[in-house]
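# Observations on the model geometry
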Amino acid sequence: MKNIFITMEGPDGAGKSTQIELLKKYFEGKDIEVVLTREPGGTRISEAVRAVILNKEYKEMDYKTELMLYTAARAQLVAEVIKPALLQGKAVICDRFVDSSAVYQGMGRGLGVEQVYKINEYALDGLKPILTILLDLDATEGIRRKKNQAELDRMEEESIDFHKKVVEGYRQLAELDKDRIYKIDATLPVEEIAKLIREEVDKRI
Ligand code: TYD
């Protein structure tokens, strides 16, 4: 069996956490141990970096700094959690990964997708997801869903134009890398999305 490393992507409010939980149960039903993790975060150090990145007080944060911080949090997560778990034969499902940087920093902030992947190469050390699920949702709907939830963080407070760029960016990435990125309409019923994901996962493992 291949290294089962799956990443879940999508704009804020697309329903990633719900689908991750359902996929975890599916693997456990197959007696595959699962490690769930999230970005930015998932380790002590990465969570500390997350607190800096998302702090609304830091309005002065330069976009390059933002990119480096996301990448630093990722480097620690890869080294401390993801690689060791894969080596032990566990499946790893990560809520957001390098594509979030490609889209939010590369496209949303305008730093360039190539540049983002290049910097991340160093942090990833050859690691690549076997499947990336993209929950596709219009920016306005995503923001509407989030506003009903908790207080917004520094990224979520960005303008609607920024979030539209993010959604468009995800769609472009999915077109460019159809083999790896599987796009699903996030407005479908939860159980239907879960079924599509399970079918796609089965093809890859
Ligand atoms: P997250 O906690 O996943 O928020 P949500 O629950 O809304 O998905 O991510 C926090 C924010 O960080 C989110 O707005 C997306 C953003 N982000 C980036 O801009 N670049 C990145 O590389 C990652 C991983 C996240």
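Scroll up for the structure.
What this report covers is the structure whose coordinates are included nearby. (Residues numbered from 1 in each chain as written. Predicted model: local features only at pLDDT ≥ 70, side-chain atom pairs only at ≥ 80, totals over all residues. Heavy atoms only, no water.)

### Overview of the overall build of the protein chain
Put simply, the rule reads: Helix and strand definitions here come from DSSP, where helices need a minimum of 4 consecutive H or I residues and strands a minimum of 2 consecutive E residues; each element is numbered from the N-terminal end. A radius of gyration in this sense is built from C-alpha atoms; the matching globule rule multiplies 2.2 Å by the number of residues raised to 0.38. Accessible area is worked out with a 1.4 Å probe on protein chains only. A residue is then buried under 20% of its type maximum, exposed over 50%, and partly exposed in between. Whether two residues are in contact is decided by their heavy atoms: any pair within 4.5 Å suffices. Note on areas: Shrake-Rupley, 1.4 Å probe, and residue coverage restricted to the protein chains presented here. For the charge count, each Lys or Arg is scored as positive and each Asp or Glu as negative, with His and the chain ends excluded. Throughout, a charge is located at the NZ atom of Lys, the CZ atom of Arg, the CG atom of Asp or the CD atom of Glu.
Each helix and strand in the protein chain was counted, giving eight helices and five strands. Along the protein chain, helices and strands appear, N-terminal first, in the series β-α-β-α-α-β-α-α-β-α-α-β-α. Taking 17 Å as the expected radius of gyration for a compact globule of 205 residues, we find that the protein chain reaches 16 Å, a close match to that expectation. The buried share of the protein chain, reckoned over its 205 residues, is 50%. Excluding contacts between residues fewer than 6 apart, the proportion of contacts in the protein chain whose partners are at least 24 apart in sequence is 78%. Surface summary for the protein chain: the accessible area is close to 10,400 Å², and the carbon and sulfur share equals 51%. In the protein chain, 33 positive and 37 negative side-chain charges are present, and the distance between their average locations comes to 0 Å.

### Description of empty space enclosed by the protein
Definition in use: A 1.4 Å probe that fits but cannot get out identifies a cavity on a 1 Å grid over protein atoms alone, an open set with protein on both sides within 12 Å along at least five of seven lines counts as a pocket, and a residue lines either if it has an atom within 4 Å of a point. Grid points are joined across faces, edges and corners, and a volume is the space filled by probe spheres set on the points.
Inspection of every chain in the model, using the stated rule, returns one cavity of 30 Å³ or more. Around the largest cavity, the lining residues are Glu9, Asp99, Thr132, Leu134, Tyr170, Leu173, Ala174 and Ile181. Listed by contribution, the elements that provide at least two residues to the lining of the largest cavity are β4 (131-136) and α7 (160-176). Broken down by element, the lining of the largest cavity gets its largest block of residues, three residues, from α7.

### Details of the sheet that holds strand β1 (residues 5-9)
Within a sheet, each strand pairs with its neighbour through backbone hydrogen bonds, oriented either parallel or antiparallel. Rules: A pair of strands is treated as paired once DSSP finds two or more bridges between them. Lines fitted to the C-alpha atoms define the axes, with helices restricted to the stretch that makes contact. Angles between their N-to-C directions range from 0 to 180 degrees.
Strand order in the open sheet formed by five strands is β2-β3-β1-β4-β5, with parallel pairing between adjacent strands. Strands with a single pairing partner mark the edges of an open sheet, and in this sheet they are β2 (34-38) and β5 (181-185). Averaged over all adjacent pairs, the angle separating strand axes in this sheet is 20 degrees, with direction ignored. Packed onto the sheet, helix α1 (residues 16-29) meets β1, β2, β3 (91-95) and β4 and runs at close to 175 degrees relative to β3.

### Describing the nonpolar core
Applied cut-off: In these notes, a set of buried Ala, Val, Leu, Ile, Met, Phe, Trp, Tyr and Cys residues joined through side-chain atoms within 4.5 Å is what counts as a nonpolar core.
Residues Ile6, Leu23, Phe27, Ile133, Leu135 and Ile197 are the most contacted members of the largest nonpolar core, which totals 21 residues. Within the residue set of this core, elements represented by two or more residues are β1, α1, β3, β4 and α8 (190-204). In this structure, Tyr70, Ala73, Phe162 and Val166 belong to the second largest nonpolar core, which totals 20 residues.

### Quick notes on the pattern of salt bridges
Applicable threshold: Each reported salt bridge corresponds to a side-chain nitrogen of Lys or Arg within 4 Å of a carboxyl oxygen of Asp or Glu.
With the rule as written, the count across this model stands at 24 salt bridges. Put simply, arginine 154 and glutamate 66 hold a salt bridge, and the shortest N to O gap is 3.0 Å. You can see arginine 154 sitting in the loop between α6 (139-147) and α7 and its partner glutamate 66 sitting in helix α3 (residues 63-87), a full 88 residues away along the chain. The pair arginine 154 / glutamate 66 is uniform in exposure class, with both members buried. Ionic pairing is found between lysine 178 and glutamate 175, a salt bridge with its closest N-O pair at 3.4 Å. Of the two residues, lysine 178 and glutamate 175, neither departs from the other in class, the shared state being exposed. Linked by salt bridges that have partners in common, Glu66, Arg109, Arg154 and Glu158 make up one network.

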